[in-house]
Amino acid sequence: MSGTGPQRSPFAPPAWLRSPHLQSVLSSSPLRARRAHQRLHAVDARHEPMLVDAGDGVRLQGVYSTPVTGQPHALVLLLHGWEGSVDSSYMRLTAASLLRAGFAVFRLNFRDHGDSHHLNEGLFHSNRIDEIVRAACEVSARWPCLPLHAAGYSLGGNFALRLALRAPAAGLPLQRVAAVCPVLDPARTMEQMENGLPLYMRYFEHKWRRSLARKRELFPQAHGFADDVLKLRMRALTEWMVLRHTDFATLDDYFDGYSVAGERLRALALPADILMAADDPVIPLREFERVADYPQVQLELAAHGGHCGFIESASLDGYAERWVTERLLRHNV
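Because the structure is a prediction, the values reported are computed rather than measured. (Residues numbered from 1 in each chain as written. Predicted model: local features only at pLDDT ≥ 70, side-chain atom pairs only at ≥ 80, totals over all residues. Heavy atoms only, no water.)

**Student:** Provide a residue-level description of the overall build of the protein chain, including the pertinent values.
**Tutor:** Within the protein chain one finds eleven helices and nine strands. Since a compact globule built from 333 residues should have a radius of gyration of about 20 Å, the 19 Å found for the protein chain is in line with a globular shape. In terms of overall dimensions, the protein chain has C-alpha extents of about 55 × 45 × 40 Å along its principal axes. In the protein chain, which comprises 333 residues, the proportion classed as buried is 58%. (Helix = DSSP H or I, 4+ residues; strand = E, 2+ residues; numbered from the N terminus. Rg over C-alpha atoms; globule rule 2.2 N^0.38 Å. Buried < 20%, exposed > 50% of the residue type's maximum accessible area, 1.4 Å probe, protein only.)

Here it is as structure tokens:
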């Protein structure tokens with residue numbers, strides 16, 4: 001039952017896999033990428049790349065997957081984390097798990113993620129929720145007979161929760177969402193990365209700088225910033241982006257714009273399942289126990305798992321993708 005505080009997760013990795021840093025690093029390792037590719041292509045499914053009209057001239061890229069045999073019983077919109085893509089290991093592994101369970105899956109690339117930088121002139125930022133809502137409405141309209149769910153990881157989990165908050169007003173027939181290690185409080189997440197192991201900050205800085213350089217190459221008239229911009233550290237680079245490419249007056253306003261901390265999730269009108277690791281080195285735990293008491297929220301808290309890791313064994317299979325499938329499947333039984 002939702003709103004009853006955190007539930008203890010059964011996820012219990014062997015001792016050698018309990019380090020949050022090992023969990024986090026392995027989750028995005030080349031070895032796991034290879035396993036994810038194998039898992040997805042072993043499923044008897046059709047995969048169709050397509051563009052989605054997200055309104056106001058915005059085009060987003062995605063992949064629709066459906067089992068070859070049988071009618072899918074629901075459609076799941078899958079949302080990746082910041083600087084991830086539809087081809088991230090956790091996205092492929094979750095898609096494979098969902099397809100085996102009889103779901104259709106739409107993996108959506110955020111603006112400027114994957115190979116989609118050329119589609120829109122404006123830069124991605126985390127407050128572009130309106131285009132994700134419109135994209136979700138477009139996806140739902142293409143397959144109107146399929147009940148719609150959404151699931152996301154990290155920043156994608158944050159988007160999934162905001163999508164759930166906005167669904168009723170948007171007329172989106174979203175039934176349930178599942179979020180793995182979602183960003184709840186962006187300001188505190190930035191602080192945790194600044195004060196934590198430098199590995200994570202360097203990883204995201206490297207990927208974001210590469211993304212911005214690609215955008216400048218494609219749209220030099222709109223993004224003629226100098227190389228010294230790409231040398232800024234995360235906080236300074238984020239503030240540069242906010243002041244020049246958003247309507248927010250300050251960095252704090254920008255962070256608050258996509259926060260789902262505090263009382264925000266109390267307003268949810270549909271069920272939201274959250275899986276979180278107590279040892280996540282990127283997302284601070286502080287807000288999760290509060291939201292676990294909200295009527296529509298069901299929080300499962302694991303002692304281990306790192307950031308979107310939850311790797312169970314040397315096979316590099318993960319608990320999280322099975323958790324997403326089981327939570328959404330439970331709703332359809």
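The structure having been displayed, the exposition proceeds.
**Student:** So what's going on with the pairing of strand 8 (residues 272-277)? Residues and values would help.
**Tutor:** Summarising burial for strand 8: six of the six residues are buried, a large majority. Judged by which residues are buried, strand 8 turns out to be covered on both faces: A272, I274 and M276 on one side and D273, L275 and A277 on the other are all buried. Pairing of strand 8 with strand 9 (residues 297-302), which is carried by six bridges, proceeds in the parallel orientation. Bridged to A277 within strand 9 is A302. (Pairing = 2+ DSSP bridges.)

**Student:** Tell me about the pattern of salt bridges, and name the residues and values.
**Tutor:** By the definition in use, this model includes 25 salt bridges. Between R266 and E263 there is a salt bridge, and its shortest N-O distance comes to 2.6 Å. The class for E263 is partly exposed, based on a relative accessible area of 44%. (Salt bridge = Lys/Arg side-chain N within 4 Å of Asp/Glu carboxyl O.)

**Student:** Go over the environment of F255 with me, naming the residues and quoting the values.
**Tutor:** Along the chain, F255 turns up in helix 9 (residues 251-257). Relative accessible area serves as the criterion here: at 4%, F255 is assigned to the buried category. Taking the C-alpha atoms as reference points, F255 and T189, separated by 66 residues in sequence, lie 9.8 Å from one another.

**Student:** Residue-level account of the packing of helix 6 (residues 186-195) against helix 8 (residues 234-245), with values.
**Tutor:** Put simply, helix 6 and helix 8 touch, their axes get as near as 11 Å, and they point 150 degrees apart. Residue-level contacts link M190, E191 and E194 of helix 6 to M234, R235 and T238 of helix 8. (Axes fitted to C-alpha atoms, helices over the stretch in contact; angles between N-to-C directions. Contact = heavy atoms within 4.5 Å.)

**Student:** Help me get a handle on helix 8, residues and values and all.
**Tutor:** Its twelve residues give helix 8 an end-to-end C-alpha distance of 16 Å, which sits within 8% of 16 Å, the value for a rise of 1.5 Å per residue. Residues of helix 8 that are buried: M234, L237, T238, W240, M241 and V242. (Expected span 1.5 Å × (residues − 1).)

**Student:** Just give me the short version of the packing of helix 7 (residues 198-218) against helix 8, but keep the residues and values in it.
**Tutor:** Running from N to C, helix 7 and helix 8 cross one another at 35 degrees; their axes reach a closest spacing of 11 Å. For the crossing formed where helix 7 meets helix 8, the hand is left-handed. The residues of helix 8 that touch helix 7, namely those facing M201, F204, E205, W208, R209 and L212, are M234, L237, T238 and M241. When its residues are assigned to classes, the contact of helix 7 with helix 8 shows seven nonpolar, one polar and two charged. (Left-handed = near helix turned anticlockwise from the far one by under 90°. Nonpolar A, V, L, I, M, F, W, Y, C, P; charged D, E, K, R; others polar.)

**Student:** Tell me about a nonpolar patch on the surface, and please be specific about residues and values.
**Tutor:** Residues V25, L197 and L199 make up a contiguous nonpolar surface patch of about 230 Å² in total accessible area. For V25, the location among the structural elements is in helix 1 (residues 20-27). Its relative accessible area of 40% is what places V25 among the partly exposed residues. (Patch = residues over 30% accessible without salt bridge, like charges linked within 9 Å, V, L, I, M, F, W, Y side chains within 5 Å. Areas by Shrake-Rupley, 256 points an atom, 1.4 Å probe, with all protein chains shown as cover.)

**Student:** An account of empty space enclosed by the protein is requested, with residue identities and associated values reported.
**Tutor:** A full pass over the atoms with the stated rule returns three cavities of 30 Å³ or more. Empty space within the largest cavity amounts to approximately 350 Å³. Sorting the residues of the lining of the largest cavity by element identifies helix 6, helix 7, helix 8 and helix 9 as the ones contributing at least two each. Per element, the largest residue contribution to the lining of the largest cavity is four residues, and it comes from helix 6. Of the residues assigned to the lining of the largest cavity, the class counts are 16 nonpolar, six polar and no charged. Considered as a void within the structure, the second largest cavity measures approximately 80 Å³ in volume. (1 Å grid on protein atoms, 1.4 Å probe; cavity = no way out; pocket = protein on both sides within 12 Å on 5 of 7 lines; lining within 4 Å. Points joined across faces, edges and corners; volume = space filled by probe spheres on them.)

**Student:** Let's hear about the layout of surface pockets: which residues, and what values?
**Tutor:** When its volume is computed, the largest pocket comes out at roughly 510 Å³. Lining the largest pocket are 25 residues; nearest its centre among them are S24, S27, S28, Y90 and Y203. Sorting the residues of the lining of the largest pocket by element identifies helix 1, helix 2 (30-41), helix 3 (89-100) and helix 7 as the ones contributing at least two each. Considering every element that reaches the lining of the largest pocket, the biggest residue donor is helix 7, with five residues. Split into classes, the residues belonging to the lining of the largest pocket amount to twelve nonpolar, ten polar and three charged.

**Student:** Describe the environment of F225, and please don't skip the residues or the numbers.
**Tutor:** Relative to the helices and strands, F225 is located in the loop between helix 7 and helix 8. Distance in space between the C-alpha atoms of F225 and L212 is 9.6 Å, their sequence separation being 13 residues. F225 has contacts with L212, R216, L230 and W240, leaving out every residue within four places of it along the chain.

**Student:** Describe the pairing of strand 4 (residues 75-79), and please don't skip the residues or the numbers.
**Tutor:** Counting buried positions over the five residues of strand 4 gives five, a clear majority of the element. By the bridge criterion, five bridges tie strand 4 to strand 5 (residues 104-108) in an arrangement that is parallel. Across the sheet, L75 pairs through a bridge with A104, a residue of strand 5. Regarding topology, helix 3 serves as the crossover connection from strand 4 to the parallel strand 5, and that connection is right-handed. (Right-handed = clockwise from strand over helix to strand, strands pointing away.)

None of this, on its own, says anything about what the molecule does.
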